[in-house]
Amino acid sequence: MKKGETMKYNYHTHTARCHHAVGRDEEFVLAAIEAGYEEIGFSDHCAWPYTDFVSGMRMTEEEIEGYVNSVKALREKYKDKIKIKLGWECEYVEEYLPWLKEIIRKYDFDYVILGHHFSPSENSGVYSGCILTAQEIENYKNDVLKALESGVYSYVAHPDIYMKIYPHFDEHAEKAAREIIAKAIETKTPLEYNLLGLSNGKKDGREGYPYSAFWKLAGEMGATAIVGIDAHFPDAFFWDELRDEAFETLKKYGLKTVSTI
Ligand SMILES: [Zn+2]
Ligand SMILES: [Zn+2]
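Note that this is a predicted model, so its numbers are computed, not measured.

Caption draft 1: Expanded view of the coordination of the zinc ion (ligand 1). Taken together, the protein donors to the zinc ion (ligand 1) comprise His20 (NE2), His45 (NE2) and His232 (NE2), at separations of 2.0 to 2.1 Å. Written as a sequence motif, the donor residues of the zinc ion (ligand 1) are H-x24-H-x186-H. A distance of 4.4 Å spans the gap from the zinc ion (ligand 1) to the zinc ion (ligand 2). Of this pair, His20 sits in the loop between β1 (8–10) and α1 (25–34) while His45 sits in strand β2 (residues 37–45), and the two are 25 residues apart along the sequence. On the accessibility criterion, His20 (40% relative accessible area) is partly exposed.

Caption draft 2: Structural detail: the sheet that holds β1. Strands sit in the order β1-β2-β3-β4 across an open sheet of 4 strands; the sheet is parallel. Only two strands of the sheet have a single neighbouring strand rather than two, namely β1 and β4 (111–114). The average undirected angle you get between the axes of adjacent strands in this sheet is 30°. Pairing between β1 and β2: 3 bridges, direction parallel. The partner of Asn10 across the bridge, within β2, is Ile40.

Caption draft 3: Region of the structure containing the pattern of salt bridges. Tallied over the full model, the rule gives 22 salt bridges. Note that Glu94 and Lys146 form a salt bridge whose closest N and O atoms lie 3.8 Å from each other. Residue Glu94 is located in the loop between β3 (83–90) and α3 (97–107), and its partner Lys146 is located in helix α4 (residues 134–150); the two are separated by 52 residues in the primary sequence. On the basis of relative accessible area, Lys146 is assigned to the partly exposed category, the value being 34%. As a salt-bridge pair, Asp204 and Lys164 come within 3.9 Å of each other at their nearest N and O atoms. With Asp204 in helix α6 (residues 195–204) and Lys164 in the loop between α4 and α5 (171–186), this pair connects stretches of sequence that are 40 residues apart. Judged by relative accessible area, which is 41%, Asp204 ranks as partly exposed. Look at the salt bridges and you will find they share partners, linking Arg24, Glu26, Glu27 and Lys77 into a network.

Caption draft 4: Spotlight on the sheet that holds strand β9 (residues 256–257). With respect to topology, 3 strands assemble into an open sheet ordered β7-β8-β9, the strand pairing being parallel. The open sheet has two free edges, formed respectively by β7 (191–194) and β9, since each of these has just one partner strand. Note: β7 against strand β8 (residues 224–228), 4 bridges, orientation parallel. Within the sheet, the bridge partner assigned to Asn194 lies in β8 and is Gly228. Across the sheet, α6 lies against β7 and β8, angled at about 35° from β7, the strand it touches most.

Caption draft 5: Spotlight on the pairing of β4. Burial of β4 is two-sided: the residues Tyr111 and Ile113 facing one way and the residues Val112 and Leu114 facing the other way are all buried. One ladder, built from 4 bridges, connects β3 with β4; its direction is parallel. Within the sheet, the bridge partner assigned to Glu89 lies in β4 and is Ile113. Chirality of the crossover, the property in question, places the unit of β3, α3 and β4 among those that are right-handed.

Caption draft 6: Region of interest: the packing of aromatic side chains. Scanning the entire structure with this criterion turns up 15 aromatic pairs. Centre to centre, the rings of Tyr11 and Tyr111 are 5.9 Å apart; their planes meet at 90°, and the pair counts as edge-to-face. Highlighted residues: Tyr11 in the loop between β1 and α1 and Tyr111 in strand β4, separated in sequence by 100 residues. Among the residues examined, Tyr11 registers a relative accessible area of 1% and is labelled buried.

Caption draft 7: Structural context of the side chain of Glu122. Relative to the helices and strands, Glu122 resides in the loop between β5 (118–119) and β6 (126–127). Here the side chain of Glu122 touches Tyr50 through a polar contact of 2.7 Å, side chain to side chain. With residues up to four places along the chain from it excluded, the contact list for Glu122 reads Tyr50, Phe53, Ser55, Met57 and Arg58.

Caption draft 8: Looking closely at α6. Considered for burial, the residues of α6 that qualify are Leu195, Leu196, Gly197, Leu198, Ser199 and Gly201. On its buried side, α6 packs onto β7, β8 and α8 (240–252). In this structure Asn194 caps α6, since a side-chain oxygen of it lies 3.2 Å from the backbone nitrogen of Leu196.

Calculation notes
- Residues numbered from 1 in each chain as written.
- Chains lettered and ligands numbered in written order.
- Predicted model: local features only at pLDDT ≥ 70, side-chain atom pairs only at ≥ 80, totals over all residues.
- Heavy atoms only, no water.
- Donors = N, O, S within 2.8 Å, 3.2 Å for Na, K, Ca; no water.
- Helix = DSSP H or I, 4+ residues; strand = E, 2+ residues; numbered from the N terminus.
- Buried < 20%, exposed > 50% of the residue type's maximum accessible area, 1.4 Å probe, protein only.
- Pairing = 2+ DSSP bridges.
- Axes fitted to C-alpha atoms, helices over the stretch in contact; angles between N-to-C directions.
- Salt bridge = Lys/Arg side-chain N within 4 Å of Asp/Glu carboxyl O.
- Contact = heavy atoms within 4.5 Å.
- Right-handed = clockwise from strand over helix to strand, strands pointing away.
- Phe/Tyr/Trp six-rings, centres within 6.5 Å; stacked < 30°, edge-to-face > 60°.
- Polar contact = N/O pair within 3.5 Å; in protein donor to acceptor, adjacent residues only side chain to side chain.

Nothing here speaks to function; it is geometry throughout.
This is the structure in structure tokens:
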């Protein structure tokens, strides 16, 4: 049996605490079991210790404990049916890195993934899926490189999110791709091929991310990929056709894949 294509794993799962995902925590687990997943990880949008800003897309610091307890309770309740890991999806925020490391230690998180949604910051930056200038690409890329060097993140979610509406894979876009891919290889960090993006691209009728030129280059340079659902609702665990398409594309571009973290 060829692991990764037949055995199913997913480490990119949200909960309703981020305000743009729907479903009870348990419904995500039940869907994953029904869809035949061996192991999943919850990686909801992390809290940040903001003092002057309230985010609309993440749990609050007060909700961390409830999130952790819910995931650990589900892990125990369904231990005979599926393995469940506790994770978070976090941006790279240099000043909060010590805080993040302390939270990881305190609550015994299994992993965090990098989902770098804003550069330079959530309240003063541009959303990475709305990047339109070379300078914004540069800012995104520099943060991703620093995140990779930090050793904190197990993989890079949607590394090519900066191509969501950026019009062409021009010299700026390609340079950023080369640097991100090279740093991922150097730090042995997988790059995520994101199924939510693939699904949205089909609905929108334009490529967005995953962006094929990025992945073609990643294959040529020798990067390692991981497929992530980025589940914001339980039924996303049934995206088997998208998942098969993702593995076919990665194979076509010559990427190595890993299925677990
Ligand atoms: Zn989200
Ligand atoms: Zn996500």
